[in-house]
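Tertiary structure, described
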Amino acid sequence: LIADGTLVLDTDWRITWHNSAAVRLLGLAGNRDLGQPVTSLLRAPAFEQYMREGDFTRAVEVASPIRLGHLLAVRVVPYGRGQYLLLVRDITRMQRLQNMRRDFVANASHELRSPLTVLGGYLENLADDDSIPEVWAKPLAEMQAQCGRMTSLVNDLLELSRLETDAPGEPDEQPVPVPQMVRRIVGEAEAQSDGTRTIDVEIDENLGLAGIESELYSAFSNLVFNAVGYTESGGRIQVNWYRDADGAARFRVTDDGIGIEARHLPFVTQRFYRVDPSRSRSHGGTGLGLAIVKHVLQRHDGRLTVRSEPGEGSEFCCEFPGQRVRSLRAESARA
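The following refers to the structure shown. All of these numbers come straight from a predicted model, not from anything done at the bench.

A short note on a negative patch on the surface
- Side chains of Glu124, Asp128, Asp129 and Asp130 sit close together on the surface and give a patch of like negative charge.
- Considering the arrangement of structural elements, one finds Asp129 in the loop between helix 4 (92-128) and helix 5 (137-165).
- A relative accessible area of 34% places Asp129 in the partly exposed class.

Structure below.
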């Protein structure tokens, strides 16, 4: 027994066969619906666009036509000559579990913010109090560091939760002055490294991007600060913001640091995944930085590529499609 709804479609998207699960999930009228176009039976704008575009490398999520509040994942698989399999799965339970997890993380993180702020304030006052015995200096410094790390973790969890729930940005948003933003990030990275690493920058001063500035800042700064944290003293970091021959905009961060083994590369954008846990914790890393980068890029129609060799360094590159590119010179002239 196949739990997923399965339909066979011809070249005109007409149903030539279906199983009983398809009847249950889509509310089909049995054999009377044979020969009907599937788009006339599953009326959902997202599904109609999915069929019209013809990109069947992914599934599309649509509301159930017969059960209020239920969500279906629909995917088309081409096979044979001009025939297609349409697979339907009820993902309501999975979606509810994901929503519960996301809400729990967001609520728990929000509740932790206030006590951490109080703890941090008291620890700062104690560290500045000259009457505190010297023997307490090291424990207080360690407590401050751990409190700061917890605060960073909470902030990253809240940012990740927001990225997962907010509606994605649209290409017609106000252009972000990326060159100015990148220079600010590099300045902060140089202060973070205390001048012990060389950071070279090449920026297209006319290249802007339609999007949300705070989100792009979060993604770009995570990549640059990671490069600083995983590059030894005396190392070199290269930051580039440019438009390639295909019209895409790219933000690239290259370092000659410790690098990443190939077996880790498929997982580096997973939340809490750490290539080197001890080093990550010693540098105050939360294990969420690259997960935030991935979500920001998804919301801006972008993608992340990673190249790395152990002992040779790493390259992280964010690519954005041409329709999001904005000319800052043109925008300035219009203003």
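Brief notes about the environment of Thr6
- Structurally, the position occupied by Thr6 is in strand 1 (residues 5-9).
- With 19 residues separating them in the primary sequence, Thr6 and Leu25 have C-alpha atoms 9.9 Å apart.
- Apart from residues lying up to four places away in sequence, Thr6 is in contact with Trp17, His18, Asn19, Ala22, Leu85, Leu86 and Leu87.
- Here the side chain of Thr6 touches Asp4 through a polar contact of 3.5 Å, landing on its backbone oxygen.

Digging into helix 5
- An ideal rise of 1.5 Å per residue puts 42 Å on 29 residues; helix 5 measures up with 42 Å between its terminal C-alpha atoms.
- Among the residues of helix 5, Leu140, Cys147, Val154, Asp156, Leu157, Leu158, Glu159, Leu160, Ser161 and Leu163 are the ones counted as buried.
- Residues of helix 5 that are buried sit in contact with helix 4, helix 7 (213-229) and helix 9 (289-299).

What about the pairing of strand 3 (residues 60-63)?
- Side chains Val60 and Val62 project from strand 3 onto a buried face, and the interleaved Glu61 and Ala63 project onto a face without burial.
- Looking at chain direction, strand 3 and strand 4 (residues 71-79) are connected through four bridges and run antiparallel. Looking across to strand 4, one finds that Glu61 is bridged to Ala73.

What counts, and at which threshold
Residues numbered from 1 in each chain as written. Predicted model: local features only at pLDDT ≥ 70, side-chain atom pairs only at ≥ 80, totals over all residues. Heavy atoms only, no water. Patch = residues over 30% accessible without salt bridge, like charges linked within 9 Å, V, L, I, M, F, W, Y side chains within 5 Å. Areas by Shrake-Rupley, 256 points an atom, 1.4 Å probe, with all protein chains shown as cover. Salt bridge = Lys/Arg side-chain N within 4 Å of Asp/Glu carboxyl O. Lys, Arg positive; Asp, Glu negative; His and termini not counted. Charge placed at Lys NZ, Arg CZ, Asp CG, Glu CD. Helix = DSSP H or I, 4+ residues; strand = E, 2+ residues; numbered from the N terminus. Buried < 20%, exposed > 50% of the residue type's maximum accessible area, 1.4 Å probe, protein only. Contact = heavy atoms within 4.5 Å. Polar contact = N/O pair within 3.5 Å; in protein donor to acceptor, adjacent residues only side chain to side chain. Expected span 1.5 Å × (residues − 1). Pairing = 2+ DSSP bridges.

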